[in-house]
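# Remarks on the overall topology
The residues making up each chain are set out below.
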Amino acid sequence: MEATPENLENPQGSRSWIAARAGADDALVRDLTGPQREAVLCTQGPLLVLAAAGSGKTRVITRRIAHLLATGVKPWQILALTFTNKAAGEMRERIGKLLEETAGGGGAVRGLTVTTFHSLCARLLRKYAEAAGLKPDFTIYDSDDQSKLCKKVIEQLQLSTANFPPRSVLSAVSRAKNELMDAESFAARATDFSSKNIARVYKAYSAALRAANAVDFDDLLLLTARTLERNAQVRGECQARWRYLLVDEYQDTNRAQFLIAAMIAGDGERASGGELPASSLPGVEDEEEGEGTGGTPVPRDGIGKKVGPNICVVGDPDQAIYGWRGADISNILDFERSYPGCRVITLGENFRSTAPILEAADTLIRHNKRRKHKDLFTSRKGGEKPEAILTSNEKAEARVVADWLKARHEAGAAWRDMAIFYRTNSLSRVMEESLRAFNVPYSIARGTAFYDREEVRSALAYLRIVANPADGVSLSRIINVPARGISKATQDVLEAFAERDEMPLMEACRGAGGVAELNARAQAAVAKFVAMVDAWTGGGTFMGSDISGSLADLVDRIIRESGLRAMYVAQANTSKSETDAERVDNLDELVSSARQFEQEYDAAADAANDPLAADGLVETPPLLAMLRAYLESIALVADADSVDPTQGSVTLMTLHAAKGLEFDSVAMIGMEEGLLPHSRAISMPVAGDAELEEERRLCFVGITRAMRRLLMTSAKYRTIRGVPERTIPSRFLGEIPERGLIVSDQSETFAEDYDAPAGGWGVDTGRYSPPRGGGFSAVSPSSGASSGSGSSSGASRGPAGEFPVGSKVRHPQFGLGIVESISGGPSPRAVIKFKDVGSKTMVLEYARLVRVQG
DNA sequence: GTTGCCAAGTTTTTT
DNA sequence: ACTTGGCAAC
């Protein structure tokens, strides 16, 4: 049966629908293919859209939402969940444009909820804080905060942080949370010494989070899922409000996200004691159901017209790359089982890439065994084959890529249409240096970088205790930054006090005057600190003559009155180091970011984005509400959010961040065993090579981002953590047939000598002297197709021999200096006397020294 | 109480 | 290499 709107009940009444059908709607589907059109028009009941890479997925989603609105569905009845904020923003924008073009009036976007799972959950948890066991002013802890708290908890439990490193304990806890396992059920499962203790930490860590009125990333999902599950009223309100649910990148949802979506979607009728869908994949264990997780909605089948809730999920199992984060690919593979009456539409036609690129992607992904095959096809003809280049080392690789990009640019491609992908962030560094040397404008997709800086983190810590005084981790970070006479000893006393009376650290600070263990000076220092914070918050009211009501003003005031700014100004004056001057700038930049947020917030953001604005948070002072929203927006930024295609620069990013994007020309660097596939995925043999297959999908994602040109590079030697290592080209290159790839071995080209062009950067110390032969044989026997002239500037130069005593050198950071002495051994060191900063000992191999003539 | 030096861990991917 | 945290000296 065709589940078109014609034969399904239209809850909004047919009048507006008919009107829309006649006019605007035609424009929405006119230029779509059959399956695309179907995905847009099939609005009622569960729908699974298997959208291959480049199949026009975003277009379909936006049209679908516009179509829903055109048929009379109210914007606030629609909930669209995306993977990143950026994707959400773009989608909202595109829908707005569509509506202006077709329906006339972009105002309809207002009230539409397009957001990420994490943002939605943060909002829901604030609104339903009480039901979730939280207070609405909770702080969202990032991984750094988590580590600090976890470490503290481990110490309190008298466990050694050597046996229980906070980070690995946290990853176990995270895994548990992703499977909706709370501390109790985790403990129930723990059998051995180690996991029993991890269970103890989990429990204490959760308690500590609650005491700090904080949640971590996983809690956002876990607590929301649990609240929806256990609280019929909350669930009912959400179901009543959102009648049309759309989930993008469904292949990367985890168990908690699956449940959240399923519970919000509801089904009109709830089954009790329902079971989660079991995996149909071989090799995947059925998850044992935890206690008390009954009530999962089970859509009913075939009764009446309605076959289930209006939930549309869009995704591509071949692009599932977040398994390590708890994403469960069976969510999408088993969607048909979860929603028996659902409709499945496959979008297989690729509109993005040329045939040779698509073919490379297709042959690669066919190597995955646990896979539902989907035919990828394009009607486009022609196009260049992807290239694979083997270089001598990572510097030569970076140079080759820069050359390639320049050539593309000269051929007419804009910088912004090019991108460089890599498996690990550490690979960006060498690439950056090369791009700088070649004057190629670039930007790195690292949304969190700014907020990760020490000075910014400190400023934010101040803001966080203003918003949430119980936030102990933030308080500890700044209580004595800048130094204000509250020593570690004093802090320990206060900490112990807080612990004993089970109150937040800030409360203990308030009572410091009566603590006998503290001397008068310490008491006074603490009292002064408390008074300072109180002045900022207006004693918690966020009102009064002293409070301007402006967020930017508050941020500015805090970085000044706390002494933070002055501290960095002083540091910048004494050290003259460039990074210290930057720190002051960064603090000022933070004020600007607050100002910008404030303006956008004032404009419309809250009304448009807050899913529950209508009956929102009453009695919250406006400044506090704004501060919360600001901190939340910062906590939930993703790397991919900072990708700005309007910038005229090449974008560098990880393969993970590249998901969902497209570029005319793409270079994938580090195509080596151990990097892609990553060693962690190879070394641990997992049933069915699950991790290896995920790496292959990651490679597939990278390839399918390219529209017209693709370059994949591999370096014969790569310096990893300071040690040059021989590499093996990625097996994935070998999996793409030779005829589909232009392979060239340029590993001899710059093997002996690598020099950046004039004004250039580091020199190669000659530590790479690759063995002759070897070639690119893992990929292709056709080696030696080197281009360019390998300008071997002579003899082999040992690192030590290059810098004789007395020679002048330049260090990128310390400037000019003279080599005073050299020590031999396996890692020769030199004492360099610098003009500006005095003598330093450095390992020649690592110090980026350049010999200077004269 | 504060500052500076040394040791250790670090590098997979991220909301 | 690079940052972070712990400890010892001022």
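Attention in this report is confined to the structure presented alongside it. Just so you know, these numbers come straight off a predicted model, no measurement behind them.

This part covers the protein's contact with DNA strand B. The environment of DNA strand B is made up of 24 residues, and the closest members are R423, G485, S487, A638 and R680. Within 4 Å of the protein, the contacting atoms of DNA strand B are 58% sugar and phosphate, with bases supplying the remainder. A distance of 2.9 Å separates a base oxygen of DNA strand B from a polar atom in the side chain of H118. By residue class, the composition of the surface near DNA strand B is seven nonpolar, ten polar and seven charged.

Attention now goes to the pattern of salt bridges. Evaluation of the coordinates by the stated rule reveals 52 salt bridges. Linking D318 and K374 is a salt bridge whose minimum nitrogen-to-oxygen distance equals 3.4 Å. Taken together, the residues D318 in the loop between β7 (311-315) and α15 (330-333) and K374 in the loop between α17 (355-365) and β9 (387-393) connect sequence positions 56 residues apart. The buried category is assigned to D318, whose relative accessible area is 5%. Since its relative accessible area comes to 7%, K374 is described here as buried. Shared partners join several salt bridges into a network, and the residues in it are D142, D144, D145, K148, D452, R457, R464, D471 and R477.

Moving on: the side chain of T224. Here T224 shows up in helix α12 (residues 217-230). Ignoring anything within four residues of it in the chain, the contact list for T224 reads C121, L124, L125, D219 and I260.

Take the sheet that holds strand β3 (residues 113-116) next. Strand order in the open sheet made by the six strands is β3-β2-β6-β7-β1-β8, with parallel pairing throughout. Each edge of the sheet is formed by a strand with only one pairing partner; in this case those strands are β3 and β8 (343-347). Mean inter-strand twist for the sheet, computed between neighbouring axes without regard to direction, equals 15°. Summarising the sheet, strand β6 (residues 244-247) and β7 pair through three bridges and their orientation is parallel. Each bridged residue has a counterpart across the sheet, and for L246 the counterpart in β7 is C312.

Rules behind the numbers
- Residues numbered from 1 in each chain as written.
- Chains lettered and ligands numbered in written order.
- Predicted model: local features only at pLDDT ≥ 70, side-chain atom pairs only at ≥ 80, totals over all residues.
- Heavy atoms only, no water.
- Near = heavy atom within 4 Å.
- Polar contact = N/O pair within 3.5 Å; in protein donor to acceptor, adjacent residues only side chain to side chain.
- Nonpolar A, V, L, I, M, F, W, Y, C, P; charged D, E, K, R; others polar.
- Salt bridge = Lys/Arg side-chain N within 4 Å of Asp/Glu carboxyl O.
- Helix = DSSP H or I, 4+ residues; strand = E, 2+ residues; numbered from the N terminus.
- Buried < 20%, exposed > 50% of the residue type's maximum accessible area, 1.4 Å probe, protein only.
- Contact = heavy atoms within 4.5 Å.
- Pairing = 2+ DSSP bridges.
- Axes fitted to C-alpha atoms, helices over the stretch in contact; angles between N-to-C directions.

That's the geometry; what it means functionally is another story.
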